[in-house]
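Each chain, letter by letter, is given below.
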Amino acid sequence: MMRLGGAALTLALALLPASGVRADGLRILSLDPCADQYALALSRPDDRLFLSPRADDADSHLREAAAGHPRVRPTLEAALAARPDVVIRYWGGEPRLLAALERRGVRAAMVADAQDFDGVRENVRSVAAELDRVPEGAALLKDMDARLERAAAAGAGGSALYMTPGGFTAGEQTLVGAVLGAAGFTPAAPSPWFAPVSVERLLFEPPTRFVLAFYEQMRADWRGAGRHPALRRLMGRREVVSLPGSLMG
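Values in this document were obtained by computation on a predicted structure and should not be read as measured data.

Reading the values: rules and limits
- Residues numbered from 1 in each chain as written.
- Predicted model: local features only at pLDDT ≥ 70, side-chain atom pairs only at ≥ 80, totals over all residues.
- Heavy atoms only, no water.
- Helix = DSSP H or I, 4+ residues; strand = E, 2+ residues; numbered from the N terminus.
- Buried < 20%, exposed > 50% of the residue type's maximum accessible area, 1.4 Å probe, protein only.
- Core = buried A, V, L, I, M, F, W, Y, C linked by side-chain atoms within 4.5 Å.
- Pairing = 2+ DSSP bridges.
- Axes fitted to C-alpha atoms, helices over the stretch in contact; angles between N-to-C directions.
- Contact = heavy atoms within 4.5 Å.

**What about unusual backbone geometry?**
Reasoning step 1: Unlike most non-glycine residues, D132 shows phi in positive territory, near 55°.
Reasoning step 2: In this fold, D132 is placed in the loop between α5 (117-130) and α6 (134-152).
Reasoning step 3: Its relative accessible area of 53% is what places D132 among the exposed residues.
Reasoning step 4: In this structure, Q173 is a non-glycine residue whose phi angle is positive, near 65°.
Reasoning step 5: Looking at the secondary structure, you find Q173 in the loop between β8 (168-170) and α7 (175-182).
Reasoning step 6: Classification of Q173 as partly exposed rests on a relative accessible area of 41%.

Right, dumping it as structure tokens:
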């Protein structure tokens, strides 16, 4: 894996042969791990990708596709050295960085906070349009809708409590809640949005099933409420589905 700071990246780009960059490809800079997924999913083989330092972390869904692409820290120096045509951002970098790039003629593709699948569709269409990759975006949405149709026909039902090792859950008005709903479940979280769970409440009013996420990451919130011994014993008596961080990413 190659991680380059601003000065090192400038030198590396200067040493690239002129034939190493296709004139018809885009130079795409991604400022955070969420934006990385859009860059990797929507790019074409002749594009040059500059990804965030976490592009190949365990919770990056497309981490294998990140191999071979340089990593760039979200600083103005490194961003200017990458000479992007388009920058993709969800939360990475500072607004001032984005403004500085836009003043230099760099297009910005902003990923909004999606609370449902309509929000996901809008994000994909918006980023694909900025990248001039509308057919690739349409193909992604077609695949997503086919998966949703298969999930709706799976016949699942009842309630399910989503939980992370840190002891957080998600209810309505979150994308996690939309995922549970697409699978036929009702989120068992007592309130909308994301919120900490109450171990005591779960022990007195246990959910029918748990949907766990990020538990395979052994260093993730090792002493968090979601790993409480009493909850472990409760999970042993309930239906449990464990989702890897890369799938949630």
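**Describing the nonpolar core**
Reasoning step 1: I28, Y38, L51, I88, V127 and L131 are the most contacted members of the largest nonpolar core, which totals 27 residues.
Reasoning step 2: Judged by nonpolar contacts, the second largest core, of 13 residues, contains L29, A82, L97 and A108.

**Here we look at the sheet that holds strand β3 (residues 48-50)**
Reasoning step 1: Taken in spatial order, the four strands of this open sheet run β3-β2-β5-β6, and their pairing is parallel. If you trace the sheet from one side to the other, it starts and ends with β3 and β6 (107-110), each paired once. Ignoring which end each strand starts from, the neighbouring axes of this sheet average 20° apart.
Reasoning step 2: Lying over the sheet, α5 contacts β5 (86-89) and β6, oriented at roughly 170° with respect to β6.

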